[in-house]
Amino acid sequence: MSSNHIPSRVRMGLIRKQPDWSTERFDAYWRDHHGTLAARVPGLQAYWQNLVTDRVQRGIDYARGPWDFDGFSQLWLDGEQRAEAVFGQGNLAAELVADEQHFLSGLHIVTTEQTEVIALPADPAARARLLKRISTLRRRADISEDDFRREWRVHADLVRTMPGVSGYRQNVVTERERVKGQPCGYGDLPIDGIVELWFESPEVLSAAFASPEGQRTMAHARTFLAEITAFLVTERRVV
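The shown structure was predicted, so the numbers you read here are calculated from the model rather than taken from an experiment. (Residues numbered from 1 in each chain as written. Predicted model: local features only at pLDDT ≥ 70, side-chain atom pairs only at ≥ 80, totals over all residues. Heavy atoms only, no water.)

### Some points on the overall build of the protein chain
Item 1. Counting secondary structure elements, the protein chain contains seven helices and eight strands.
Item 2. In terms of overall size, the protein chain behaves like a compact globule, its C-alpha atoms giving a radius of gyration of 17 Å where 239 residues would be expected to give roughly 18 Å.
Item 3. Projecting the C-alpha coordinates of the protein chain onto the three principal axes gives extents of approximately 55 × 40 × 35 Å.
Item 4. Looking at the protein chain as a whole, 53% of its 239 residues qualify as buried.
Item 5. Partitioning the contacts of the protein chain with sequence separation of at least 6, the portion at a separation of at least 24 is 83%.
Item 6. The centroid of the 30 positive side-chain charges in the protein chain is displaced by 1 Å from the centroid of its 33 negative side-chain charges. (Helix = DSSP H or I, 4+ residues; strand = E, 2+ residues; numbered from the N terminus. Rg over C-alpha atoms; globule rule 2.2 N^0.38 Å. Buried < 20%, exposed > 50% of the residue type's maximum accessible area, 1.4 Å probe, protein only. Contact = heavy atoms within 4.5 Å. Lys, Arg positive; Asp, Glu negative; His and termini not counted. Charge placed at Lys NZ, Arg CZ, Asp CG, Glu CD.)

Following this line, the structure appears as C-alpha cells:
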C-alpha cells in the first residue's frame, strides 16, 4: 500500500458523526453497516477505519486547529479515474451517499500522496498492539505549497531519529472536497498534510517528543507549520 520511495494515492474521509449518536453507536454502525457497504467498491485494494478515541495534544506545543473529527477512513483504489466513477455515479455511489447522510453530520474528502517513512511491523498482531495518532497539518502563511513539501521531507529525516517511533507515514494532500463530490480550493479546506504515527504506548509517545531528538524535530516543525491537530485513534482493516 505504500513505499519508502514511491508515494501511493489514498482517498481519506474526515468524518463527524451525527451529534445525537453515541461514539459506541457510531462505531458499530460504521463497522458493521457502512463498512460492509463500502467494501463493495470495485477495485478497492484496502480500506481502513480509524475511530477517534482522544483529542489531547500530547508532546506537541501547538494549539488545536478548528477541526474536530470522530473518524478517518482510508481507501486505496486501483486508480483515480476508477475512484471518480465509483463515487460519482451509479447505484453503489447513491447508496453510499444515502448511508453517509444517515449516520454522519459531516464528511470532507482529501486525496493524498502517501509515503511510508518508518515501516510498521509486518505482523498484524504486533501492529494491532500499537497506539496510533493521526494529525492534520496546516502550513504557515509565509510558506508555499512547494516549500511545505520540501520541508516535510526534511522533517521525515528528523522523525527517523526520534526514539520509540514504531511507524510513520506522511500524507500530502493533493485534492480536496469540503463536500463529498464537490472539489474545492485550499481556502475551503486548508489542510496540507495528514500524519500517521505509531508508538507502543502513550508514555513512549510522550518520551519520544520530550527527547532531545523530539525537541529538535518540533523546533523544525515551527519553521514551516502553523497548526497541528492531533487525534489518538483505534484502527481496523475492513478490506
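Having seen the structure, we can now continue with the description.
### Describing the packing of aromatic side chains
Item 1. Applying the stated criterion to the full structure yields 12 aromatic pairs.
Item 2. Ring geometry for Trp21 versus Phe103: centroids 6.4 Å apart, planes at 45°, classification tilted. Taken as a pair, Trp21 in the loop between strand S1 (8-17) and helix H1 (23-38) and Phe103 in helix H3 (residues 91-103) lie far apart in primary sequence, 82 residues in all. Each member of the pair, Trp21 as well as Phe103, is classed as buried.
Item 3. Measuring from ring centre to ring centre gives 5.1 Å for Tyr29 and Phe103, while their planes differ by 45°; the resulting arrangement is tilted. (Phe/Tyr/Trp six-rings, centres within 6.5 Å; stacked < 30°, edge-to-face > 60°.)

### Remarks on the sheet that holds strand S5 (residues 131-139)
Strands in a sheet are paired, the pairing made by backbone hydrogen bonds, and the direction either parallel or antiparallel.
Item 1. The sheet built from eight strands closes into a barrel, its strands ordered S1-S3-S2-S8-S5-S7-S6-S4 with antiparallel pairing. Strand-to-strand twist in this sheet, taken as the mean axis angle between neighbours without regard to direction, amounts to 35°.
Item 2. Summarising the sheet, S5 and strand S8 (residues 225-237) pair through eight bridges and their orientation is antiparallel. Bridging across to S8, Arg133 finds its partner in Leu232.
Item 3. H1 contacts S1, strand S2 (44-54), strand S3 (71-77), strand S4 (104-118) and S8 of the sheet and is inclined by roughly 175° relative to S2.
Item 4. Against the sheet, helix H5 (residues 145-161) contacts S4, S5, strand S6 (167-177), strand S7 (193-199) and S8, and its axis sits at roughly 165° relative to S6. (Pairing = 2+ DSSP bridges. Axes fitted to C-alpha atoms, helices over the stretch in contact; angles between N-to-C directions.)

### With respect to the nonpolar core
Item 1. Counting 28 residues, the largest nonpolar core has Trp152, Tyr168, Leu197, Phe209 and Leu225 as its most contacted members.
Item 2. Mapped onto this core, the elements with two or more residues apiece are S4, S5, H5, S6, S7, helix H6 (202-210), helix H7 (212-221) and S8.
Item 3. When residues no more than four places from it in sequence are discounted, the contact partners of Leu197 are Leu131, Lys132, Arg133, Val159, Val165, Gly167, Tyr168 and Phe209.
Item 4. Counting 20 residues, the second largest nonpolar core, distinct from the first, contains Leu44, Leu51, Leu75 and Ile109. (Core = buried A, V, L, I, M, F, W, Y, C linked by side-chain atoms within 4.5 Å.)

### Digging into the packing of H6 against H7
Item 1. Their axes nearest at 4 Å, the elements H6 and H7 cross at an angle of 70°. The angle between the axes of H6 and H7 places the two elements in the roughly perpendicular class. Across the interface between the two elements, Ala208, Phe209 and Ala210 from H6 touch Pro212, Gly214, Gln215 and Met218 from H7.
Item 2. Taken together, the residues that form the contact of H6 with H7 break down as five nonpolar, two polar and no charged. (Parallel < 35°, antiparallel > 145°, perpendicular 65-115°, else oblique. Nonpolar A, V, L, I, M, F, W, Y, C, P; charged D, E, K, R; others polar.)

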